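Reading the structure
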Amino acid sequence: MQLSHEQVRHIAELAKLALTDDEVERFAQQLSDVLAWAEELKRLDTDSIPPTAQVFDLRNVTRPDVVRPSLTAEEVLANAPQRDGDYFRVKPILDQS
Amino acid sequence: MNAPRLCYTTPQYLCRGTRSAMDYEAVIGMEVHAQIRTESKMFCGCSADYASATPNSHVCPVCMALPGVLPVINQRAVEATVLTGLALGCDIPEFAKFDRKNYPYPDLPKGYQISQYDLPLCIRGHLDIDTEAGQQTVRIRRVHLEEDTAKLVHAGDSSLIDYNRAGVPLMEIVTEADLHSAEAASAYLVTLRTILRYLGVNNGNMEEGALRCEANVSLRPLGTESFGTKVEVKNLNSFRAVRQAIDYEIDRQRRLLDAGQSVTQVTMGWDDVRGCTVFQRSKEGAEDYRYFPEPDLPPLTPSRAWVAEMRATLPELPAARAARFVEQYGLREHDARLLAEERAIAEYFEATVAAARAHTEPRGVANWLLGELFRLLREHACDIDQCRVSPEGLADLLGLIHQGAINATVSKQVLEEMFTSGDAADVVVRREGLTQLNDHAELARVIDRVLVSNPKPVQQYLDGKQSVLAFFVGQVMRETRGQANPNIVGPLLKDRLEKQRNR
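What counts as what
Throughout this description, residue numbers start from 1 for each chain and increase along the sequence as written. Think of it this way: whatever chain is written first is A, whatever ligand is written first is 1, and the rest follow in order. Restriction of local features to residues with pLDDT of at least 70 applies here, the model being predicted, together with a cutoff of 80 or more for giving and counting side-chain atom pairs; totals for whole chains, interfaces and linings are based on all residues. Working from all heavy atoms in the structure, the side-chain values ignore hydrogens and water. Strand pairing requires that DSSP identify at least two bridges connecting the strands. A helix here means a DSSP run of H or I that spans at least four residues, while a strand means a run of E at least two residues long, and both kinds are numbered starting from the N terminus. Salt bridges, as used here, are contacts in which a Lys or Arg side-chain nitrogen is within 4 Å of a carboxyl oxygen on Asp or Glu. Relative accessible area decides the class of each residue, using a 1.4 Å probe on protein chains only: under 20% of the type maximum gives buried, over 50% gives exposed, and in between gives partly exposed. Contact definition: two residues touch when any of their heavy atoms are within 4.5 Å. Any pair of N or O atoms that falls within 3.5 Å is considered a polar contact. Within protein, one atom must be able to donate a hydrogen and the other to accept it, and sequence-neighbouring residues count only if both atoms are side-chain atoms. Here the term charged refers only to Asp, Glu, Lys and Arg, the term nonpolar to Ala, Val, Leu, Ile, Met, Phe, Trp, Tyr, Cys and Pro, and the term polar to all other amino acids, Gly among them. Here a pair means two rings of Phe, Tyr or Trp (six-membered ring of Trp) with centres within 6.5 Å. Their orientation is stacked below 30 degrees between planes, edge-to-face above 60, and tilted elsewhere.

1. Some remarks on the sheet that holds strand β8 (residues 158-162) of chain B
- The four strands are arranged β2(A)-β3(A)-β8(B)-β7(B) in an open sheet whose pairing can be described as antiparallel. Taken across any chain shown, the strands that pair with only one partner, and hence form the sheet edges, are β2 (83-84) of chain A together with β7 (151-155) of chain B.

Dropping the structure here:
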């Protein structure tokens, strides 16, 4: 299965990544290889196996609704590229919700 | 996004009720996001009380999505969701799982939201609502559990992010497209909100965003079955906004269709200030969320025994309670509904009825609650659970009225004093000297004083003008600071006046 450049650009857009033309070419190849491997796996007969999202046999792992200490705002903001008081500051975001 | 901001104004002659070239039926489905009232967040132990906290003070490596952290499901949030599902008559499947909904946005630290895609906790329910057109059943498609996003503050040339809200438990309640008017959509929301508050799973506050609503609106020619193109309307932060926005959107689509144009599938936002829906984004290709099962969270398999246990904890819901109030206490349906609407008020009412059983009918209790007590609560912007008059205290007051120790006028004054001071009825009555005057001799003296100082009305009465009696009763009440027993004053007054005639 060969991914088109258009598909690669679409995936990059969904991940908000800016790709150069060279990268589009390279990733088209790499992603196609990954898909080819998935195609390979699909040749296995899995008719008798129920769809499985997890391999370990855990169920119903929950915790009680109890508050535990958070980080301090200073710790939280320590690596923020930009801050404004106790807020993270980012480029303006308009529309969407 | 540089989407054009369009605002369609509604010319008067095209307002609702005007004739279209064709008759359309509106088809509306609702999506409600309700923050679940938990102590901690959905997947970590940070406090979920984000509203009053300083920015970014309820944040930890899990809700900040630092590498290598693992989420763990909040048990209470699961219970609240299942409880809601059961209250809405949903099935609780034996297998539910979480999924990742992928989209990059600064309010989403992980770059995906943990939500439920194809196997939610609750499916296939229904809710009965009362609309102008009569009772209607709205089918509930699903109730699922997810996490809230961070709060964005837009500040001119930048946006500010507070991650306190990121990871707060959120349930989404989705209906089938069963609603056909803005009024019905609003009625659905009112009914749902009442139930959520009854269950104690959500505080119902729309303005603060604890309860958020989106409507999917489309039109189709009346009598047809297939659906038209639907438009999603967001930013509905009040019941009024829900009604206005849906009405507006129905009208906008009708005009497009009447003009031979087609409706495009978009997301619109309600602009409360301008009173119109505003284009937000195109749906085309936008919803590519690439859902996949959340590998960090094992699935939930609610056992039938546990579901039965949850069902047993369901409180009596508002509709059933109102019906019982009519049946059991003989209340008028309107009053019963008002009293059953909020759990705390319904419980207060029933506790008062029980405490006052020996002397006051339930209807009498209802009148006091709906009248004087509600007025005091409103005037003091006070909730019933902060009310300093207990059900037993109110019952004692009603007892004093029944005994004739105080009259109706004074009793309102006593209640107000009880409400502000927190003192018991008899304490207030004694302290303020408000005991009802039943003493004939003393009342006769007061009446004579009143008659002497009002010779003109006396003459009018003697000339046959009965209506001055009310004036005299009023004067006697004034003289006695409202304490005179009107049942004694009336006859006594007549008696003294008649005596003057015979002089």
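Moving on from the coordinates now.
2. Brief notes about the pattern of salt bridges
- Within this structure, the stated rule accounts for 43 salt bridges over all chains.
- The shortest N-O distance in the salt bridge between K42 of chain A and E39 of chain A comes to 3.4 Å.
- Looking at E39 of chain A, the relative accessible area reads 37%, which means it is partly exposed.
- The partner of E176 of chain B in a salt bridge is R141 of chain B, with the nearest N and O atoms 3.1 Å apart. Here the residue E176 of chain B occupies a position in the loop between β9 (169-175) and α2 (182-199), and R141 of chain B occupies one in strand β6 (residues 134-147), the gap between them amounting to 35 residues.

3. Notes on the interface of chain B and chain A
- On the side of chain A, 35 residues touch chain B, which itself brings 56 residues to the contact.
- Here chain B is connected to chain A by zero salt bridges.
- Our count for the chain B to chain A interface comes out at 22 residue pairs in polar contact (both at pLDDT 80 or more).
- Where the side of chain B that touches chain A is concerned, the elements lending two or more residues are β2 (73-74), α1 (75-87), β7, β8 and β13 (276-282) of chain B.
- Top contributing element to the side of chain B that touches chain A by residue count: β8 of chain B, with five residues.
- Among the residues forming the side of chain B that touches chain A, the class breakdown is 28 nonpolar, 16 polar and twelve charged.

4. A few points about the packing of aromatic side chains
All names here are of chain B.
- By the definition in use, this model includes ten aromatic pairs over all chains.
- Ring centres 5.8 Å apart and planes at 85° place the aromatic pair F43 and F98 in the edge-to-face group. One end of the pair, F43, is in the loop between β1 (24-35) and β2; the other, F98, is in the loop between α1 and β3 (99-102), and 55 residues separate them in sequence. You'll find F43 and F98 in the same group, each marked buried.

5. Let's talk about the environment of K101 of chain B
Residue and element names in this part refer to chain B.
- Tracing the backbone shows K101 in strand β3.
- Each C-alpha atom, one on K101 and one on T435, is 69 Å from the other, the two residues being 334 residues apart in sequence.
- In contact with K101, not counting residues within four places along its chain, are Y112, Q113, Y289 and Y291.

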